[in-house]
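# Overview (structure and organization)
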Amino acid sequence: MLERVRPSPRALGDPASRDPRHDVLFEPMAIGPVTAKNRFYQVPHCNGGGYRDPSAAAAMRGVKAEGGWGVVFTEQVEIHHTSEITPFIELRIWDDDDVPMLARMADAVHAHDALAGIELTYSGINGPNLYTREVPRGCSPGPILTFTSDPVQARGMDLSDIRDLRRWYRNACLRARDAGFDLICLYGAHGFGIIQHFLSRHTNHRTDAYGGSLANRARLLAELVGEARDAVGDTCGITVRLALEELVGPLGFSNEELRELIEMHAELPDLWDLAHGTWEDCSATSRFAGEGAQEDLITGIKALTPRPVVGVGRFTSPDTMARQVREGVLDFVGAARPSIADPFLPSKIDEGRVGDIRECIGCNICVTGDTTMSLARCTQNPSFMEEFRKGWHPERIASRSSDARVLVVGGGPAGLEAARGLGARGYDVALAEASRTLGGRVAREATLPNLAAWDRVRGYRESQIAQLDGVEIYRESRMQAEDILGLGVEHVCIATGARWRADAVARHHLRPIPHHPDMPTFTPDDIMGGRLPSPGSEERTAGGLAGRVLIYDDDHYYMGGVIAERLRAEGMDVTLVTPATSVSEWTAFTLEQVRIQTRLLELGIDIRTTRALNRVDASSVTIACTYTGREETLDAAAVVYVTSRVGEDQLYRDLVARQSEWRAAGIHSVRLIGDAEAPAPIAWAVYAGRRYAEELDAPDVGDALPFRREVAALSTLAHGG
Ligand code: ADP
Ligand code: SF4
């Protein structure tokens, strides 16, 4: 039976009035010839759309402007065909043909009174030119430095190449102005962009006027900024985005050198946009860095220049933002991920609705849009990059189109988002959750080392649902088919999640392996539920063994590494075995892999890569090299399987089996969504919940494509003639 629990009262700031401590964030500020209306500065960030999905990217930027960001930038925009970073998908401004797609974005931003910025990039030694087949040109010759280790080298630029480069930048600036941009940023941070390659002794080995001293290494930057201003300076602000510290060893561009450079060229650009280290450093996940992590590196820089300074730090707390501006650490609060998770963050602060902010959880799923060359998605904001494709909006959703009542079963990310979206549409919703706690997997995973931010997925949705009159939450209400058939609801959304398998079946083994029943066996669900192989327990000493706990990771995302940390924190002797070539291999796409493996090594975890688990005996396991098949036996007191998950779809199947009773019960539809349908990362479940809410009662589109897309315009020249 459903036991009704009243939602807790809304925990909101004073409605419709800004906290005066945040006023400083709403003071306008000039950037050269243009003025930003406030201090919210969406720094450039990729989105996996770029030249392939320009309207999707433009609509996404427009929504951020609508949400109150005073400045909204593009991602990096390639200025010339001699430097491009295929397979990664960014924007281009190679010639006039690219101007309309850029103008679409600038227009979308201007529609909401924000400044539109464009980040111009010449990738130099980062651009393999796999598409254009041009010979790459770098500050100095050497192998191309990208994520993909392409077997291609760049030639060093001579002085005539540098003259060409300056002309290309100037042309790009003129086109950017024609496209309607207010701010032009010259990019040289995160190890990307030729400006940084010239600035850093790491990549600049030149002995001419562009190499050696800092003044020489900064010559190109000074020329490019000066020429950009000559070209467009009365209409556009010229900004630079530079590394706060390169973090590539003693020859890298250091924070001291940056300060020296800024003193040397204090008035050169109209704004200094500063970002830390490599992209991995700057966009560290919440597992490795907290909010405002770059504060020490940026503090004091404002005193060196009369120009405004912008810095980032995955800011989601308005108090931290306001303090950094008030204390003169920054002039503008730069943000990429917080603006993705909540495009309306500035408006919510302005309206005193800080409790409504959808805080970024620092998972970097958004980054995987770029690194997997797909369209970016966000765990917290399922409408990200669906603004054009599906017409989704982060704050609005169409009103209900019927009086139907909906039962959502399961209060994990999928069920919570479905209930929130349906409630916002005005539907009468009952959310039934088997346990006392909402959040499902995010509540459980948030108890693991450094994953506390995952719980924001629950926190945001629970607080939003508490404000919706039409949604009732029923905790400790495990539903059976029989209960549902007696409820009198028209639609049933089953979001009952998934459980980890307790065997080796995943990618390497598609079928179970031999497994002795005496070997104590665990899954991440056990560990999160508090059942672990603890030192001294009977389980652990079974067979008289000391206590190696063997984790077998054939999942490859974060869970294997996190479980290893968790068990190591209990003092266990942990060995992590994986068929992959590195630990938590997929986290290379979230920019965490190196940090994860480093941390596990530093914790003393024994890592065995390219090894499959082939057999589990009572007190030992057999692992085998994935290349040679050579086997090795390891003593083990317990095995933790981090392999794959099984959808909890029994309830759905029970209902389907009784479909003949639906009509009498008044049921029109039963849908299975989220991890219960097919396990995937949290972002997928949130998306499934949003999609359910968006599409309930929507007309059936049959076999039609369920989103808008752009198809390349065909050339009128049939055979290239
Ligand atoms: P997802 O990621 O798809 O949202 P989760 O595993 O995070 O999935 O959440 C599923 C939730 O569904 C869990 O909180 C679980 O307790 C709940 N649940 C599972 N089966 C039932 C059921 N029969 N009735 C009510 N709640 C259920
Ligand atoms: Fe933040 Fe994750 Fe969304 Fe990226 S995907 S913006 S890191 S919540």
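In the block above lies the structure referred to throughout.
Reference entry: report on the structure contained in this document. Residue indices begin from 1 for each chain and proceed along its sequence in written order. A letter from A marks each chain and a number from 1 marks each ligand, given out in the order of writing. For this predicted model, a pLDDT threshold of at least 70 governs which residues receive local features, and a threshold of 80 or more governs which side-chain atom pairs are given and counted, while totals over whole chains, interfaces and linings are taken from all residues. As a convention, hydrogens and water are excluded, and side-chain values are obtained from all of the structure's heavy atoms.

### Looking at the overall build of the chain
Numbering of helices and strands starts at the N terminus; helices are DSSP runs of H or I of at least 4 residues and strands are runs of E of at least 2. A tally of helices and strands in the chain yields 23 helices and 29 strands. Along the three orthogonal principal directions, the C-alpha set of the chain runs to about 75 × 65 × 60 Å. Only protein chains enter the accessibility calculation, which uses a 1.4 Å probe; a residue whose area is less than 20% of its type maximum is buried, one above 50% is exposed, and one in between is partly exposed. Counting across all 721 residues of the chain, residues that qualify as buried make up 60%. Counting contacts in the chain only where the partners sit at least 6 residues apart, residues at least 24 apart contribute 73% of the total. Only the protein chains shown count as cover for residues, and all accessible areas are computed by the Shrake-Rupley method using a 1.4 Å probe. When the accessible surface of the chain is summed, it comes to about 27,700 Å², and 49% of that surface belongs to carbon and sulfur atoms. Note on contacts: a residue pair is in contact if any heavy atoms of the two residues lie within 4.5 Å.

### A word on the side chain of Arg358
Note that Arg358 resides in the loop between α12 (345–350) and α13 (365–371). In this structure Arg358 comes out as buried when scored by relative accessible area, which is 3%. A distance of 3.0 Å separates the side chain of Arg358 from the side chain of Tyr460, its partner in a polar contact. Nitrogen and oxygen atoms within 3.5 Å of one another constitute a polar contact, given that in protein one can donate a hydrogen and the other can accept it, and given that sequence-neighbouring residues count only through two side-chain atoms.

### Things to note about the pattern of salt bridges
The term salt bridge refers to a pairing of a side-chain nitrogen on Lys or Arg with a carboxyl oxygen on Asp or Glu at a separation within 4 Å. Under the counting rule described, the total for this entry stands at 59 salt bridges. Across the salt bridge formed by Arg166 and Glu227, the nearest N and O atoms sit 2.5 Å from each other. In this pair, Arg166 is assigned in helix α3 (residues 159–179) and Glu227 in helix α6 (residues 219–232), connecting sequence segments 61 residues apart. Accessibility expressed as a relative area gives 22% for Arg166, which makes it partly exposed. Glu490 is paired through a salt bridge with Arg405; the nearest N and O atoms lie 3.4 Å apart. One end of the pair, Glu490, is in the loop between α17 (481–485) and β18 (491–494); the other, Arg405, is in strand β15 (residues 405–409), and 85 residues separate them in sequence.

### Quick word on the site of ligand 2
We call a residue near a molecule or strand whenever a single non-hydrogen atom of that residue lies within 4 Å of it. The immediate surroundings of ligand 2 are formed by 13 residues, with Cys360, Cys363, Asn364, Cys366 and Cys378 found nearest. Breaking the shell around ligand 2 down by element, the ones donating at least two residues are α11 (337–341) and α13. Looking at the shell around ligand 2 element by element, the count peaks at 3 residues for α11. Here the shell around ligand 2 is composed, by residue class, of 8 nonpolar, 3 polar and 2 charged. Note that Gly is not counted as nonpolar here; it falls among the polar residues with everything else outside the nonpolar set of Ala, Val, Leu, Ile, Met, Phe, Trp, Tyr, Cys and Pro and the charged set of Asp, Glu, Lys and Arg.

### A few points about the packing of aromatic side chains
Aromatic pairs are defined between Phe, Tyr and Trp rings, using the six-membered ring for Trp, whenever the two ring centres lie within 6.5 Å; interplanar angles under 30 degrees are classed as stacked, those over 60 as edge-to-face, and all others as tilted. Within the structure shown, the criterion is met by 16 aromatic pairs. Ring centres 5.3 Å apart and planes at 55° place the aromatic pair Phe26 and Phe40 in the tilted group. Of the two residues, Phe26 sits in the segment before β1 (29–31) while Phe40 sits in strand β3 (residues 40–42), which places them 14 residues apart along the sequence. When sorted by exposure, Phe26 lands in the same class as Phe40, which is buried.

### Regarding the sheet that holds strand β25 (residues 620–625)
Criterion used throughout: strands pair if DSSP finds at least two bridges between them. Read across the open sheet, the 3 strands follow the order β24-β25-β26; overall the sheet is antiparallel. The open sheet has two edge strands with one neighbour each: β24 (611–616) and β26 (631–635). The average undirected angle you get between the axes of adjacent strands in this sheet is 30°. Pairing analysis gives 5 bridges linking β24 to β25, with the strands arranged antiparallel. By the bridge assignment, Arg611 is partnered in β25 with Cys625. To obtain an axis, a line is fitted to C-alpha atoms, over the contacting stretch when the element is a helix, and the angle between two such axes runs from 0 to 180 degrees between their N-to-C directions.

### Quick notes on the site of ligand 1
Surrounding ligand 1, one finds 22 residues, the nearest of these being Ala414, Glu433, Ala434, Arg441 and Asp675. Residue Ala434 places a main-chain N or O atom 3.0 Å away from a nitrogen atom belonging to ligand 1. Here Arg441 contributes a backbone N or O atom positioned 2.7 Å from an oxygen atom of ligand 1. Relative to its free-state accessible area of 580 Å², ligand 1 is covered by the protein chains to the extent of 92%.

### With respect to unusual backbone geometry
For the peptide bond that leads from Thr86 to Pro87, omega is 15°, which places it in the cis range. Residue placement: Pro87 occurs in the loop between β4 (71–78) and β5 (91–92). Even without being a glycine, Ser149 presents a positive backbone phi close to 45°. Residue placement: Ser149 occurs in the loop between β8 (142–143) and β9 (153–156). Judged by its relative accessible area of 60%, Ser149 is exposed. Despite not being glycine, Arg314 has its phi angle at roughly 40°, a positive value. Judged by its relative accessible area of 9%, Arg314 is buried.

### Remarks on the pairing of strand β11 (residues 237–245)
Of all the 9 residues making up β11, 8 are buried; the element is thus mostly covered by neighbouring parts of the structure. With 6 bridges connecting them, strand β10 (residues 183–188) and β11 associate as parallel partners. When the sheet's bridge partners are listed, Ile184 is paired in β11 with Ile238. Pairing geometry for β11 and strand β12 (residues 271–276), over 6 bridges, is parallel. Bridge assignment links Leu242 to a residue of β12, and that residue is Leu274. By convention, orient the strands away from the viewer: a clockwise path from the first strand over the helix to the second makes the crossover right-handed. At this point the chain moves from β11, through helix α7 (residues 255–264), to the parallel β12, and the crossover so formed is right-handed.

### Some words on the sheet that holds strand β23 (residues 606–608)
The strand order across the open sheet formed by 5 strands is β20-β27-β21-β22-β23, and the pairing between neighbours is parallel. Pairing within the sheet leaves two strands with one partner each, and these edge strands are β20 (521–522) and β23. Bridging between strand β21 (residues 548–553) and strand β27 (residues 638–642) involves 5 bridges; their strand directions are parallel. Looking across to β27, one finds that Tyr552 is bridged to Tyr641.

### What about the pairing of strand β14 (residues 332–335)?
Burial along β14 is two-sided: Phe332 and Gly334 and Val333 and Ala335, pointing in opposite directions, are all buried. Looking at chain direction, β3 and β14 are connected through 3 bridges and run parallel. Opposite Gln42, over in β14, you have Ala335 as the bridge partner. Handedness of the strand β13 (residues 309–311)-helix α10 (residues 318–326)-β14 crossover: right-handed.

### Concerning helix α1 (residues 54–66)
Look at α1: 18 Å from first C-alpha to last across 13 residues, which is about the 18 Å you get at 1.5 Å a residue. Here α1 lies mainly inside the structure; 11 of its 13 residues are buried. What α1 keeps buried is the set Pro54, Ser55, Ala56, Ala57, Ala58, Met60, Arg61, Gly62, Val63, Lys64 and Ala65. Those residues of α1 that are buried are in contact with β3, β4, α2 (99–110) and α11. Gly68 lies just past α1 and shows a positive phi near 110°. A helix is expected to span 1.5 Å for every residue after the first.

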